[in-house]
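Here is how the chains run, residue by residue.
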Amino acid sequence: MIYVGIDVAKDKYDCFITNSDGEVLFKAFTITNNLDGFNNLYQRIESVMEDITKVKVGLEATGHYSYNLLGYLVDKGLAAYVINPLHTNLYRKSLSLRQTKTDKVDARTIASMLMSDVNLKSYSDTSYHNEELKSLTRYRFDKVKERAKLKSSISRLVCILFPELEKLVPTLHIASVYAMLSEFPRAKQVANAHLTRLTNLLSESSKGRYSRETAITFRDAARNSIGSNMPAKSLELKHTIKLIQEISSEIDEIENEIKIIMDEINSPILSIPGINYRMGAMIIAEIGDFNRFDSPDKIIAYAGFSPSTYQSGQLDGAYAHMEKRGSRYLRYALYNAAKYVCHWDPTFAEYLAKKRAEGKHYNVALSHAVKKLVRVIYHLEKTNQQYIKVA
């Protein structure tokens, strides 16, 4: 076997190549972060081993800095292993008491870890191409949060400019309200608006739901409004509505791309009642290759749903809290998916009710439902079976 250790930096990679006998084939050398550098590395690997199935390449998880190199290695058919930098650090300290840390030393340490046959999972082609789905779902997550923040600003500004409006509509965040406020952002402007124009504006934006009577109701409320006449706040309101509409359009585009990928994946996770393609995509993206996990408990721990343990001497922690480590995106997706699954699936609804009957707080009971959901997802993905809903 040939073992290649790579220490990743922004503009360069330090590499070290050895074999299973411990013979150094290439002392630590540096390649540039470009195609010439990648080709240089591959040519050196090829020069010492023609059979690429007998080559293991390890590199530290350093976010986007290692992404392009990983893609290159996977496309070449090499077995690549992404290693947690914390594990590398601990392994290096176990080899020597000297506090020596350089990029070249780290490259050699990574190669030694591969040789020691520690429990590492290879970074498969599935893992690499799954990054696209992860990028989309995280991008959507951030956009939705951004939009929610802007919606809070809408509520604040309407409270200043036309506070009575909120009680006249089911929610401020509907197309008809946005259309009216974009043209008439202050109560005084709504009060002075031509009734025909206001009626047509509301009717078109609500697709006929709001008629002349609604326009009269809005105008009468505006005439008796205590709203402030502040042009600066009006401008802010108009711009905020425009931003929300732009972000909503971007979210629709992102969701369309997510749906295309999910249709290609055809994951059985979508057969579970209550899990739509958006939440399912986030779960799939964050877990990645299910072969990385030996059991569903490993996924639960990865999501941070495992209870923390505290014991010292005769002291035992009486109330264990969730660790909340690992992927916060996965934790968010599983928690929200479990709420919908418990609503739509009788088996999960019964399970949640049972935990609540035991005296558990709703959030605690739901965390148990999350663990049950992970076990179901793990089984479906590993067996490629569809979920069978019990009537």
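You'll find the structure just up there.
Residues numbered from 1 in each chain as written. Predicted model: local features only at pLDDT ≥ 70, side-chain atom pairs only at ≥ 80, totals over all residues. Heavy atoms only, no water.

Chemist: Give me the packing of aromatic side chains: which residues, what numbers.
Modeler: Applying the stated criterion across every chain yields a total of eight aromatic pairs. Ring geometry for Phe26 versus Phe29: centroids 6.0 Å apart, planes at 65°, classification edge-to-face. On the basis of relative accessibility, which here comes to 7%, the residue Phe29 falls in the buried class. Between Phe293 and Tyr302, the aromatic rings sit 5.6 Å apart at their centres with planes inclined by 50°, giving tilted as the arrangement. Accessibility expressed as a relative area gives 8% for Phe293, which makes it buried. (Phe/Tyr/Trp six-rings, centres within 6.5 Å; stacked < 30°, edge-to-face > 60°. Buried < 20%, exposed > 50% of the residue type's maximum accessible area, 1.4 Å probe, protein only.)

Chemist: I'd like to hear about the nonpolar core, residue by residue, with values.
Modeler: One finds Leu133, Ile272, Ile283, Ile299, Leu334, Leu373 and Ile377 to be the most contacted residues of the largest nonpolar core, which totals 45 residues. Among the elements of the structure, helix 5 (125-161), helix 10 (231-265), helix 11 (277-287), helix 12 (296-303), helix 13 (328-344), helix 14 (346-357) and helix 15 (362-383) are those that each provide at least two residues to this core. Ranked by residue count, the leading element in this core is helix 15, at 10 residues. Look past the residues within four positions of Ile272 in its chain and what remains in contact with it is Val341, Leu373, Val376, Ile377, Leu380 and Tyr387. In this structure, Leu161, Leu165, Leu172 and Ile241 belong to the second largest nonpolar core, which totals 33 residues. (Core = buried A, V, L, I, M, F, W, Y, C linked by side-chain atoms within 4.5 Å. Helix = DSSP H or I, 4+ residues; strand = E, 2+ residues; numbered from the N terminus. Contact = heavy atoms within 4.5 Å.)

Chemist: How would you explain the pairing of strand 5 (residues 79-83) if you had to name every residue and give the values?
Modeler: Looking at chain direction, strand 4 (residues 55-60) and strand 5 are connected through five bridges and run parallel. Within strand 5, the position partnered with Lys56 by the bridge is Ala79. Taken together, strand 4, helix 2 (residues 67-75) and strand 5 constitute a β-α-β crossover, and its handedness is right-handed. (Pairing = 2+ DSSP bridges. Right-handed = clockwise from strand over helix to strand, strands pointing away.)

Chemist: Can you lay out the packing of helix 13 against helix 14 for me, pointing to particular residues and giving the numbers?
Modeler: Running from N to C, helix 13 and helix 14 point in directions that differ by 105°, and their axes come no closer than 5 Å. Taken together, the axes of helix 13 and helix 14 lie roughly perpendicular to each other. Contacts from Val341, Cys342 and Trp344 of helix 13 reach helix 14 at Pro346, Phe348, Ala349 and Leu352. A class-by-class count of the residues in the contact of helix 13 with helix 14 yields seven nonpolar, no polar and no charged. (Axes fitted to C-alpha atoms, helices over the stretch in contact; angles between N-to-C directions. Parallel < 35°, antiparallel > 145°, perpendicular 65-115°, else oblique. Nonpolar A, V, L, I, M, F, W, Y, C, P; charged D, E, K, R; others polar.)

Chemist: I'd like to hear about the pairing of strand 2 (residues 12-19), residue by residue, with values.
Modeler: For strand 2, the tally of buried residues reaches seven of eight residues, placing the bulk of the element in the interior. As defined by bridge partners, strand 1 (residues 2-8) adjoins strand 2 across seven bridges and the pair is classed as antiparallel. Across the sheet, the residue bridging to Gly5 is Phe16, located in strand 2. Hairpin connection of strand 1 to strand 2: three residues between the antiparallel strands. Here strand 2 folds back onto strand 3 (residues 24-32) in antiparallel fashion, the turn holding four residues, of which Gly22 has a positive phi close to 85°.

Chemist: Pulling in residues and values, what's your account of the environment of Ile110?
Modeler: Note on placement: Ile110 falls in helix 4 (residues 103-115). Sequence separation between Ile110 and Cys15 is 95 residues; the distance between their C-alpha atoms is 9.5 Å.

Chemist: I'd like to hear about the environment of Ala28, residue by residue, with values.
Modeler: One can find Ala28 in strand 3. Between the C-alpha atom of Ala28 and that of Ala107, which follows or precedes it by 79 residues, the distance is 7.3 Å. Contacts of Ala28, omitting those with residues within four sequence positions, involve Cys15, Phe16 and Lys104.

Shape descriptors only; they carry no functional weight alone.
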